[in-house]
Amino acid sequence: AAGVIQSPRHLIKEKRETATLKCYPIPRHDTVYWYQQGPGQDPQFLISFYEKMQSDKGSIPDRFSAQQFSDYHSELNMSSLELGDSALYFCASSSTGQGRETQYFGPGTRLLVL
Amino acid sequence: GDSVTQMEGPVTLSEEAFLTINCTYTATGYPSLFWYVQYPGEGLQLLLKATKADDKGSNKGFEATYRKETTSFHLEKGSVQVSDSAVYFCALSNFGNEKLTFGTGTRLTIIP
């Protein structure tokens, strides 16, 4: 079965640079979520989109922005990167028709800020 | 706000031992409860879920029962294998606010 696809899988950036993470949800899933997992930490919710509209916002820094496009893929844009942004970033998707509360996670993008 | 309290690790067991990882939650309304597993270097995989009181989720020999009276969702397995070594996260989502709130995770190591 098709899963959530994230790209890139690994990313190395310098401080103050920008980064763009991409997420391709499971086909026919209408909701996308972004989470940040610091080293040894539990995942923290950043932001979510339902049918291309922002549906909820968590602890996402103002330096970050995200959107969901017409094909339902989503991008997380991160600017003025800081060392503390080094983390594993997960995208998850769900479907209203299949029980929206069940989220399926991608493999994550590991971001290292030097 | 919603929160999940999870048994602290790490937990080390011998192969074929019985496993319990405790999870309790605080939430308004009637949340859905989940266990996710994260193998080394990989993403989060949904292990099992329960959406209402007294539901039992089960998968790959793991089980957890949604206990509203004790606000708990403990994970159990009768006989663990080395391949079960991973980090296990208990999580909840609430109706109308489907973001997942995770516990701190429990690292499980099974030794042969």
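For the structure, see preceding data.
Okay, the packing of aromatic side chains next. Counted according to the given criterion, the structure contains 11 aromatic pairs over all chains. Each ring, one from F105(A) and one from Y36(B), has its centre 5.2 Å from the other, and the planes form 80°; the classification is edge-to-face. Remark: Y36(B) occurs in strand β5 (residues 32-38) and F105(A) occurs in strand β10 (residues 104-105); the pair is interchain, linking two chains. An identical accessibility class is assigned to F105(A) and Y36(B); each is buried. Through successive ring pairs, a cluster of aromatic residues spans Y35(A), F45(A), F90(A), F105(A), F34(B), Y36(B), F89(B) and F102(B).

Next up on the list: the state of the cysteines. Under the definition given, this model contains two disulfides over all chains. One disulfide bridge connects C23(A) with C91(A), the sulfur atoms lying 1.7 Å from each other. Given an S-S torsion of about -55°, the disulfide between C23(A) and C91(A) has left-handed geometry. Of this pair, C23(A) sits in strand β3 (residues 19-24) while C91(A) sits in strand β9 (residues 87-94), placing them 68 residues apart in sequence. The exposure class assigned to C23(A) is buried, which follows from its relative accessible area of 0%. Sulfur-sulfur distance for the disulfide between C23(B) and C90(B) comes to 1.9 Å. Torsion about the S-S bond of the C23(B) and C90(B) cystine: about -70°, corresponding to left-handed handedness.

In this section: the interface of chain B and chain A. With 19 residues of chain B at the interface, the matching set in chain A holds 18 residues. Among the residues of chain B in contact with chain A, L44(B), E98(B) and K99(B) are the three that bury the most area, contributing 32% of the side total. Our enumeration of links across chain B and chain A arrives at four residue pairs in polar contact (both at pLDDT 80 or more). Secondary-structure elements contributing two or more residues to the side of chain B that touches chain A are β5, β6 (44-50), β10 (86-94) and β11 (97-102) of chain B. Broken down by element, the side of chain B that touches chain A gets its largest block of residues, five residues, from β11(B). Split into classes, the residues belonging to the side of chain B that touches chain A amount to seven nonpolar, eight polar and four charged.

With that settled, the discussion passes to the sheet that holds β3(A). All names here are of chain A. Ordered in space as β1-β3-β8-β7, the four strands form an open sheet in which the pairing is antiparallel. The outermost strands of the open sheet, each flanked by one partner alone, are β1 (5-7) and β7 (64-68). Strand-to-strand twist across the sheet, computed as the mean angle between neighbouring axes with direction ignored, equals 15°. In terms of strand pairing, β7 meets strand β8 (residues 74-78) through five bridges, oriented antiparallel. Among the inter-strand pairings, F64 is bridged to a residue of β8, identified as M78.

On the surface, I12(A), L112(A) and L114(A) cluster together into a nonpolar patch covering about 290 Å² of accessible area. Note on placement: I12(A) falls in strand β2 (residues 10-13).

So, about the sheet that holds strand β8 (residues 62-65) of chain B. All names here are of chain B. Pairing within the open sheet is antiparallel, and its four strands lie in the order β3-β9-β8-β7. Of all the strands in the sheet, the pair left with one neighbour each is β3 (19-21) and β7 (56-59). Taken pair by pair, the neighbouring strands of this sheet meet at an average axis angle of 15°, ignoring direction. Two strands pair when backbone bridges link them, and β8 and strand β9 (residues 75-77) are joined in this way by three bridges, in the antiparallel orientation. Its bridge partner lying in β9, A64 is registered against L75.

All names here are of chain A. Within the fold, E17 resides in the loop between β2 and β3. Separated by 14 residues in sequence, E17 and T31 have C-alpha atoms that sit 29 Å apart. Beyond its immediate stretch of four places on either side in the chain, E17 contacts M78, S79, S80 and L81.

Cut-offs used in this document
- Residue numbering note: each chain is counted from 1, following its sequence as written.
- Whichever chain is written first is A, and whichever ligand is written first is 1; the rest continue in order.
- Reporting in this predicted model follows two pLDDT cut-offs: at least 70 for local features of residues, and 80 or more for side-chain atom pairs to be given and counted; totals over whole chains, interfaces and linings ignore these cut-offs and use all residues.
- With hydrogens and water set aside, each side-chain value is computed from the structure's full complement of heavy atoms.
- For Phe, Tyr and Trp, rings pair up if their centres lie within 6.5 Å, where Trp contributes its six-membered ring, and each pair is then called stacked (planes under 30 degrees apart), edge-to-face (over 60) or tilted (otherwise).
- In this text, helices come from DSSP runs of H or I with a minimum length of four residues, and strands from runs of E with a minimum of two, each type numbered from the N-terminal end.
- A simple rule labels every residue: compare its accessible area, found with a 1.4 Å probe on the protein chains alone, to the largest value its type can have, and call it buried under 20%, exposed over 50%, or partly exposed in between.
- Here, the term disulfide refers to a pair of cysteine sulfur atoms separated by no more than 2.5 Å.
- Whether two residues touch is decided by their heavy atoms; if any such pair falls within 4.5 Å, the residues are in contact.
- Accessible area that two parts lose when put together, evaluated with a 1.4 Å probe and summed over both, is termed the buried area.
- Under this definition, polar contacts are N or O atom pairs within 3.5 Å; protein pairs additionally need one hydrogen-donor-capable and one acceptor-capable atom, and for neighbouring residues in sequence, both atoms have to be side-chain atoms.
- Residue classes follow a fixed rule: Ala, Val, Leu, Ile, Met, Phe, Trp, Tyr, Cys and Pro count as nonpolar, while Asp, Glu, Lys and Arg count as charged, and any other residue, Gly among them, counts as polar.
- Pairing between two strands requires that DSSP report at least two bridges joining them.
- Convention adopted: a line fitted to C-alpha atoms gives each axis, helices being fitted over their contacting stretch, and angles between N-to-C directions are expressed from 0 to 180 degrees.
- Residues enter patches when they are more than 30% accessible in relative terms and free of salt bridges; like-charged ones are connected within 9 Å and nonpolar ones (Val, Leu, Ile, Met, Phe, Trp, Tyr) within 5 Å.
- The method behind every accessible area is Shrake-Rupley, applied with a 1.4 Å probe, and residues are considered shielded solely by the protein chains displayed.
- Salt bridge criterion: a side-chain nitrogen from Lys or Arg within 4 Å of a carboxyl oxygen from Asp or Glu.

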